[in-house]
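# Residue-level structural notes
Take a look at the letters that make up each chain.
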Amino acid sequence: MKFLWFGKKKSVTPVELAPPAAPQEVYSVSGYICETNPEAGAKNTELSAQLINSAILSILSEANSPADIAAQEFFQERGANVLPLSDYAFSTERGFSGRILDGEIKRTILIGPASVISRVTTPFTEALLNAVASSPEQFVVAIDGIAYATFGITKEMV
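What counts and how
- Residues numbered from 1 in each chain as written.
- Predicted model: local features only at pLDDT ≥ 70, side-chain atom pairs only at ≥ 80, totals over all residues.
- Heavy atoms only, no water.
- Helix = DSSP H or I, 4+ residues; strand = E, 2+ residues; numbered from the N terminus.
- Expected span 1.5 Å × (residues − 1).
- Buried < 20%, exposed > 50% of the residue type's maximum accessible area, 1.4 Å probe, protein only.
- Contact = heavy atoms within 4.5 Å.
- Axes fitted to C-alpha atoms, helices over the stretch in contact; angles between N-to-C directions.
- Parallel < 35°, antiparallel > 145°, perpendicular 65-115°, else oblique.
- Left-handed = near helix turned anticlockwise from the far one by under 90°.
- Nonpolar A, V, L, I, M, F, W, Y, C, P; charged D, E, K, R; others polar.

### Looking at helix α2 (residues 66-77)
The terminal C-alpha atoms of α2, which comprises 12 residues, lie 17 Å apart, in line with the 16 Å expected from a rise of 1.5 Å per residue. Listed in full, the buried residues belonging to α2 are Ala-67, Asp-68, Ala-70, Ala-71, Gln-72, Phe-74 and Phe-75. Those residues of α2 that are buried are in contact with β1 (25-34), α1 (49-60), β3 (95-102) and β6 (146-157).

Shown next as structure tokens:
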């Protein structure tokens with residue numbers, strides 16, 4: 001049996017496969033709840049969502065972990081602005097604290113675990129209680145001794 005060969009034999013070049021990409025951590029804010037008037041019966045306790053978001057962003061702007069940066073982006077997307085900040089402090093057990101300047105009013109901001117924040121604030125609203133009960137790792141945001149918001153930060157491997 002005879003084989004016919006038409007043309008020149010082509011050289012085979014090896015195909016280089018890219019190494020598989022290593023999984024990356026992606027952080028995002030979840031379960032954000034904002035109560036603008038948690039003490040409806042009290043005077044001068046209602047704050048705008050804009051101010052609450054700006055207070056959170058102002059405190060988190062001092063932190064630089066990937067989770068904190070994701071939270072900063074989240075609040076910036078909601079129109080928050082960084083306000084003048086003083087007396088910033090961070091503790092892994094207690095969370096963040098600081099004072100912001102809202103016009104001529106100096107406000108004390110606390111962001112931390114519900115177990116810590118509940119000791120120094122008025123009782124949480126029903127919505128904030130439910131959020132913390134369903135997800136205990138949520139952060140609670142207190143402004144001048146009143147809990148206004150809660151949010152969590154989740155991490156996914158992509």
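### A short note on the packing of α1 against α2
One can describe the packing of α1 onto α2 by two numbers: an axis separation of 9 Å at closest approach and a directional angle of 150°. In terms of orientation, α1 and α2 fall into the roughly antiparallel class. You can see that α1 and α2 cross each other, and the crossing is left-handed. For the pair α1 and α2, contact is made by Asn-53, Ile-56, Leu-57 and Leu-60 and by Asp-68, Ala-71, Gln-72, Phe-75 and Gln-76, respectively. Of the residues that constitute the contact of α1 with α2, the class distribution is five nonpolar, three polar and one charged.

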